[in-house]
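Descriptive analysis of the structure
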Amino acid sequence: MKVLMTGFEPFGGEMVNPAWEAVKLLPDLIAGAEIIKLQIPTAFSDSVSAVEEGILRYRPDVVISVGQAGGRSCVTVEKVAINLADAGIPDNAGEQPVDEPLQADGPAAYFASIPVKKIVENVCGHGIPCHISYTAGTYVCNCVMYHVLHLAAVRYPGIRAGFIHVPYSAEQAVGKPAGTPFMPLETIAESLEYAVEAVIC
Ligand code: PCA
C-alpha cells in the first residue's frame, strides 16, 4: 500500500507552511504503508498538475493532501470539496480567481473518500484534539481536494483521497496577536500519522 502525502509551499507572507513541515517529519512507513512525500505549489493551476504528476509517478493507493488553516486550533479532516474557486488573496503564481467553477463539467461537490470520522476518532483516541470540518474553503486547498477527487472519479479509479488542514505551528504564532491558535509541529505530525493509520488499518 502506498500513500502519497502532499504539503503546500508557504503562502500569504508566512516563512513556512506547517503542512509541508509536518509531512516531512512523517516516517517513511506507517502501519506497513509506504509514505511518499511531495511538496506542491500554493497555486491553483500548478498545484493540480503537481499532484497529478505525483499520481502518475508513484501510483499511490491513497492521496492525502495537507494544508495550513491559520486560525484553526487543531488538525481538521475535511469532509467535502466544492466546485468553486474564490480567492481572497492571489496565489503564489499571482492568480486570483473570483467566483469561478473549478471544473466546468464537474459536480457541485465531492465527499472525501477516506474515512473522515474514523480518522478523527483515531487522532482523538491518542489524546490529540481533532475535528471534522465541513468546509475546506474556496482557495487552493479546496481546489486540490476537489481536483484529486475528480481525477480519482474520472481517471484513476481505486484511488482514495482526502484533505487535512493543520493549524499554525508554534513558531508561526510568535509575533502574532495573543490568543492565536497553534500546535507544536511534532503534534501536528503525530496527528497526521494517526490519520494515516486510520486509513490503512
Ligand atoms: N492553505 C491554503 C492553501 C495552501 C495552504 O496550505 C488553503 O487553505 O487554501
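Model, not experiment: these values are computed from the prediction. (Residues numbered from 1 in each chain as written. Predicted model: local features only at pLDDT ≥ 70, side-chain atom pairs only at ≥ 80, totals over all residues. Heavy atoms only, no water.)

**Focus: the site of the ligand**
Let me state the cut-off plainly: Only heavy atoms are used to decide nearness, and a residue is near a molecule or strand if one of them lies within 4 Å of it. Throughout this description, a polar contact denotes any pair of N or O atoms lying within 3.5 Å of each other; where both atoms belong to protein, one of them has to be capable of donating a hydrogen while the other can accept it, and for residues adjacent in sequence the pair is counted only when both atoms sit in side chains. Shrake-Rupley sampling with a 1.4 Å probe provides the accessible areas, and residues are treated as covered by the protein chains on show and by no other component. Helix and strand assignments come from DSSP, with helices taken as H or I runs of at least 4 residues and strands as E runs of at least 2, each series counted from the N terminus. Three categories are distinguished: nonpolar for Ala, Val, Leu, Ile, Met, Phe, Trp, Tyr, Cys and Pro, charged for Asp, Glu, Lys and Arg, and polar for the others, with Gly belonging to the last.
What surrounds the ligand is the set Phe8, Phe11, Asn17, Thr42, Gly67, Gln68, Tyr139, Val140, Cys141 and His165. The separation between an oxygen atom of the ligand and a polar main-chain atom of glutamine 68 is 2.8 Å. Backbone polar atom of valine 140 to an oxygen atom of the ligand: 3.4 Å apart, as the coordinates give it. Across the complex, the protein chains shield 93% of the 270 Å² of accessible surface that the ligand would expose by itself. Within the residue set of the shell around the ligand, elements represented by two or more residues are β4 (62–68) and α4 (140–154). When the residues that make up the shell around the ligand are grouped by side-chain class, the tally is 5 nonpolar, 5 polar and no charged.

**Some words on the pattern of salt bridges**
Short version of the rule: Salt bridge criterion: a side-chain nitrogen from Lys or Arg within 4 Å of a carboxyl oxygen from Asp or Glu. Exposed residues in this analysis have more than 50% of their type's maximum accessible area, buried residues have under 20%, and partly exposed residues fall in between, with area computed by a 1.4 Å probe over protein chains only.
Applying the stated criterion to the full structure yields 5 salt bridges. For lysine 176, the salt bridge goes to glutamate 14, with nearest N and O atoms at 2.9 Å. Highlighted residues: lysine 176 in the loop between α5 (170–173) and α6 (185–200) and glutamate 14 in the loop between β1 (2–8) and α1 (18–25), separated in sequence by 162 residues. We classify glutamate 14 as buried; its relative accessible area is 17%. Here glutamate 52 and arginine 155 are joined by a salt bridge, their closest N and O atoms 2.5 Å apart.

**Regarding the pairing of strand β9 (residues 160–166)**
Counted only if it meets this: Should DSSP find at least two bridges between two strands, the strands are regarded as paired.
Where burial is concerned, most of β9 is hidden: 6 out of the 7 residues are buried. In terms of strand pairing, β4 meets β9 through 7 bridges, oriented parallel. Residue pairing in the sheet places glycine 67 in a bridge with histidine 165 of β9. With 3 bridges connecting them, strand β5 (residues 75–78) and β9 associate as antiparallel partners. Paired with valine 77 across the bridge in β9 is isoleucine 164.

**Re α4**
Under the convention used in this document: Multiplying 1.5 Å by the helix residue count minus one yields the expected span of that helix.
In a regular helix each residue adds 1.5 Å, so 15 residues correspond to 21 Å; α4 covers 21 Å between its end C-alpha atoms and thus fits that length. Counting buried residues in α4 gives 13 out of 15 residues, a clear majority hidden from the surface.

**What about the packing of aromatic side chains?**
Where we set the bar: To pair, rings of Phe, Tyr and Trp, with the six-membered ring standing in for Trp, must have centres within 6.5 Å; the planes then decide the type, stacked if under 30 degrees apart, edge-to-face if over 60, and tilted in the middle.
A full pass over the atoms with the stated rule returns 4 aromatic pairs. Seen from their ring centres, phenylalanine 8 and phenylalanine 163 are 6.3 Å apart, and the 40 degrees between their planes marks the pair as tilted. Here phenylalanine 163 lies in strand β9 and phenylalanine 8 lies in strand β1, a separation of 155 residues in the sequence. For the residue pair phenylalanine 8 and phenylalanine 163, the accessibility class agrees, reading buried in each case.

**A word on unusual backbone geometry**
Unlike most non-glycine residues, alanine 31 shows phi in positive territory, near 50 degrees. By the secondary structure assignment, alanine 31 is in the loop between β2 (29–30) and β3 (33–40). Its identity as a non-glycine residue notwithstanding, aspartate 99 has a phi of 55 degrees, on the positive side. When you line up the elements, aspartate 99 lands in the loop between β6 (80–82) and β7 (109–111). Among the residues examined, aspartate 99 registers a relative accessible area of 58% and is labelled exposed.

**As for the side chain of serine 65**
So the rule is basically this: Between two residues, a contact is recorded if the distance between any of their heavy atoms is within 4.5 Å.
Relative to the helices and strands, serine 65 resides in strand β4. Excluding residues within four positions of it along the chain, serine 65 makes contact with Thr6, Val144, Gly162, Phe163 and Ile164.

**Structural notes on a negative patch on the surface**
Condition: Nonpolar side chains (Val, Leu, Ile, Met, Phe, Trp, Tyr) are joined into patches within 5 Å and like charges within 9 Å, using only residues with over 30% relative accessible area and no salt bridge. In this charge count, Lys and Arg are treated as positive and Asp and Glu as negative; neither His nor the chain ends contribute. Note on charges: their place is set at NZ of Lys, CZ of Arg, CG of Asp or CD of Glu.
A grouping of Asp46, Asp86, Glu95, Asp99 and Glu100 is seen on the molecular surface, where their side chains present a negatively charged patch. As for its placement among the helices and strands, aspartate 86 is situated in the loop between β6 and β7.

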